[in-house]
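# Summary of structural features
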Amino acid sequence: MHMRLATLAAVLAATFAAPALAQSCSPSGPTLTYPVSKKVDQADDYHGTVVADPYRWLEDANSPETKSWVDAQNKVTQAYLAQIPQREAIRQRLTQLWNYERYSVPGKEGGRYFYTRNDGLQNQAVLYTLKKLDDQPRMLLDPNTLAADGTVALAGAEVSPDGKLLAYSIAASGSDWNEIKVRDIETGKDLPDHIKWVKFSSTAWTKDGKGFFYSRYDEPKEATKLADVNYFQKLYYHRIGTPQSADTLVYDRADQKEWGFGGQTTDDGRYLVITTTKGTAPKYRVSYKDLSKPDSKVVDLIDNFDAGYDFIDNVGTVFYFSTDRNAPKKRIIAIDVSKPSENNWKEIVAESADTLAGADIIDNQLVLEYLKDAKSVVRVVSLEGKPVREIALPGIGT
């Protein structure tokens, strides 16, 4: 989330000025006059219990009445905030505190390096690329230029494994709806590919860089697209250079309208791992598809919502997961999909006194981040769970 300086300054100003607000509402101070919020004669009978709902009319966000009410409320709020004497000083101090150059940790794909940089006061960090670490960086994507009024945000970015294409997601006006576009990294120009009606989705490239998996909903009604409840999410495959209408449906569940699906491809490119969610509870189902076989079916590996299972990576047919099943502070398990019975699951790293915060497989070793006494500790273990070493960090931090 990208919060503008002025917005946060206004929030802080209102917080610090709470005594002034109380005073202004007292009999001796000026009075705030709020717009009238009319009540309507609306009631519902739920199995014999009558429930009044006099403000039902405000649920229609697009009606002229609601828009007029919102404008009037904003006018009162902004008028009050504008007269707070401390507001400008807070804005200047926050600007001073934020005004420092900062970088992301660089990543590497297909022989290229990628990182983001913020000059200090940019609303969004800018994405850069370079082929060698001593090259002059080249700007690849400046999300601050996506909209003249700054209301379009970069919601995500994934580089193809060959380092040739960038799939990036944008969100307008704070909406959860995303659109995915594809940029040629060499030329810096966007391709015709344009994916819409994406929400709560990852972007997972195939190993060959010819396409990616993403999650979307059916196209909503234009008038109510920001208010409707979204059901029946679907996982699709998009091939570069084709229209969205030609995308392949990979997985859905017509019998489960509330389930959501996230796709993730393994580093070796062989498998698509599908994590299924229901609501916001961190408990998942896990399925997979063997991408080395074009007509392979989706196979359910963990078919209930009994715990959290975060896929780390695979080594051949062995899938590694971080899980809180029977381990509130999490542990690492391995499941061989060629013999997936729970009796064959192996515990690789047992739950410890410290909370497991992250895990990855690097150079055929597990790199584990733990939270210990409110700071990060990084430990390396073998794929069989044998301790290798603890990485010495330069100080207390994350």
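The structure this text deals with has already been given above.
## Some thoughts on the overall build of the protein
Looking only at helices and strands, the protein has four helices and 27 strands in total. Taking the principal axes of the C-alpha coordinates as reference, the protein spans close to 75 × 60 × 50 Å. Counting all 398 residues of the protein, 35% fall into the buried class. Taking the contacts inside the protein whose residues are at least 6 apart along the sequence as the reference set, 34% of them involve residues at least 24 apart. Carbon and sulfur atoms make up 52% of the accessible area of the protein, which amounts to about 23400 Å² in all. Across the protein, the mean location of the 49 positive side-chain charges is 2 Å away from that of the 54 negative side-chain charges.

## Considerations on the sheet that holds strand β22 (residues 331-336)
An order of β20-β21-β22-β23 is seen for the four strands of this open sheet, with the pairing classed as antiparallel. For this open sheet the edge positions go to β20 (309-315) and β23 (346-349), each flanked by a neighbour on one side alone. Taking the axes of each pair of neighbouring strands and ignoring which way they run, one obtains an average angle of 30° across the sheet. Strand direction decides the pairing type here: β22 and β23, joined by three bridges, are antiparallel. Among the inter-strand pairings, Ile 332 is bridged to a residue of β23, identified as Val 349.

## Observations concerning the pattern of salt bridges
On inspection of all chains with the given rule, the structure shows 19 salt bridges. With its nearest N and O atoms 2.3 Å apart, the salt bridge here joins Arg 56 to Asp 44. Taken together, the positions of Arg 56 in the loop between β2 (49-52) and α3 (64-82) and Asp 44 in strand β1 (residues 43-46) put the pair twelve residues apart, joining distant regions of the chain. With a shortest N-O distance of 4.0 Å, Lys 131 and Glu 186 are connected by a salt bridge. Of this pair, Lys 131 sits in the loop between β6 (126-130) and β7 (138-141) while Glu 186 sits in the loop between β10 (178-184) and β11 (190-198), and the two are 55 residues apart along the sequence. A single network of salt bridges, built from pairs that share partners, joins Asp 354, Lys 372, Arg 379 and Glu 390.

## A look at the nonpolar core
One finds Leu 301, Ile 302, Tyr 309, Phe 319, Phe 321 and Ile 335 to be the most contacted residues of the largest nonpolar core, which totals 15 residues. Listing elements by their share of this core, those giving two or more residues are β17 (271-278), β18 (285-290), β19 (299-302), β20, β21 (318-323) and β22. For Leu 301, the residues in contact, after removing those within four places along its chain, are Val 286, Ser 287, Tyr 288, Phe 319, Phe 321, Ile 335, Val 337 and Pro 340. Residues Leu 356, Leu 366, Leu 368 and Leu 383 belong to the second largest nonpolar core, which totals 13 residues.

## A word on the side chain of Arg 285
In this fold, Arg 285 is placed in strand β18. Residue Arg 285 is classed as buried on the basis of its relative accessible area, which comes to 3%. At 3.3 Å, the side chain of Arg 285 forms a polar contact with the side chain of Asp 300. Setting aside its immediate chain neighbours within four residues, Arg 285 contacts Tyr 251, Arg 253, Trp 259, Ile 274, Thr 275, Thr 276, Asp 300, Ile 302, Asp 303, Asn 304 and Phe 305.

## Some points on the pairing of strand β13 (residues 211-216)
For β13, the buried fraction is high: six of the six residues fall into the buried class. The two faces of β13 match: Gly 211, Phe 213 and Ser 215 on one face and Phe 212, Tyr 214 and Arg 216 on the other face are all buried. Here strand β12 (residues 204-205) hands over to β13 after five residues, with Gly 209 in that stretch at a positive phi of 70°. Inspection of the sheet shows β13 paired to strand β14 (residues 234-239) by six bridges, in the antiparallel sense.

## A word on α3
Given 3.6 residues per helical turn, the α-helix brings residues three or four places apart onto the same face. With 19 residues, α3 extends 27 Å between its outermost C-alpha atoms, agreeing within 8% with the 27 Å of an ideal straight helix rising 1.5 Å per residue. Looking only at α3, the buried set comprises Thr 66, Gln 73, Val 76, Tyr 80 and Leu 81. All buried residues of α3 fall inside an arc of 130° around its axis, so they share one side. Within α3, the exposed residues directed more than 90 degrees away from the buried face are Pro 64, Asp 71, Lys 75 and Ala 82.

## Concerning the sheet that holds β18
In any sheet, the strands associate via hydrogen bonds between backbone groups, in a parallel or an antiparallel arrangement. If you trace the four strands from one edge of the open sheet to the other, you get β16-β17-β18-β19, paired in antiparallel fashion. The sheet is open, and its two edges are formed by β16 (259-265) and β19, each paired on a single side. For this sheet, the mean inter-axis angle between neighbouring strands, taken without regard to orientation, is 30°. As defined by bridge partners, β17 adjoins β18 across six bridges and the pair is classed as antiparallel. Its bridge partner lying in β18, Val 273 is registered against Tyr 288.

Conventions used here
Residues numbered from 1 in each chain as written. Predicted model: local features only at pLDDT ≥ 70, side-chain atom pairs only at ≥ 80, totals over all residues. Heavy atoms only, no water. Helix = DSSP H or I, 4+ residues; strand = E, 2+ residues; numbered from the N terminus. Buried < 20%, exposed > 50% of the residue type's maximum accessible area, 1.4 Å probe, protein only. Contact = heavy atoms within 4.5 Å. Areas by Shrake-Rupley, 256 points an atom, 1.4 Å probe, with all protein chains shown as cover. Lys, Arg positive; Asp, Glu negative; His and termini not counted. Charge placed at Lys NZ, Arg CZ, Asp CG, Glu CD. Pairing = 2+ DSSP bridges. Axes fitted to C-alpha atoms, helices over the stretch in contact; angles between N-to-C directions. Salt bridge = Lys/Arg side-chain N within 4 Å of Asp/Glu carboxyl O. Core = buried A, V, L, I, M, F, W, Y, C linked by side-chain atoms within 4.5 Å. Polar contact = N/O pair within 3.5 Å; in protein donor to acceptor, adjacent residues only side chain to side chain. Expected span 1.5 Å × (residues − 1). Arc of directions from axis to C-beta.

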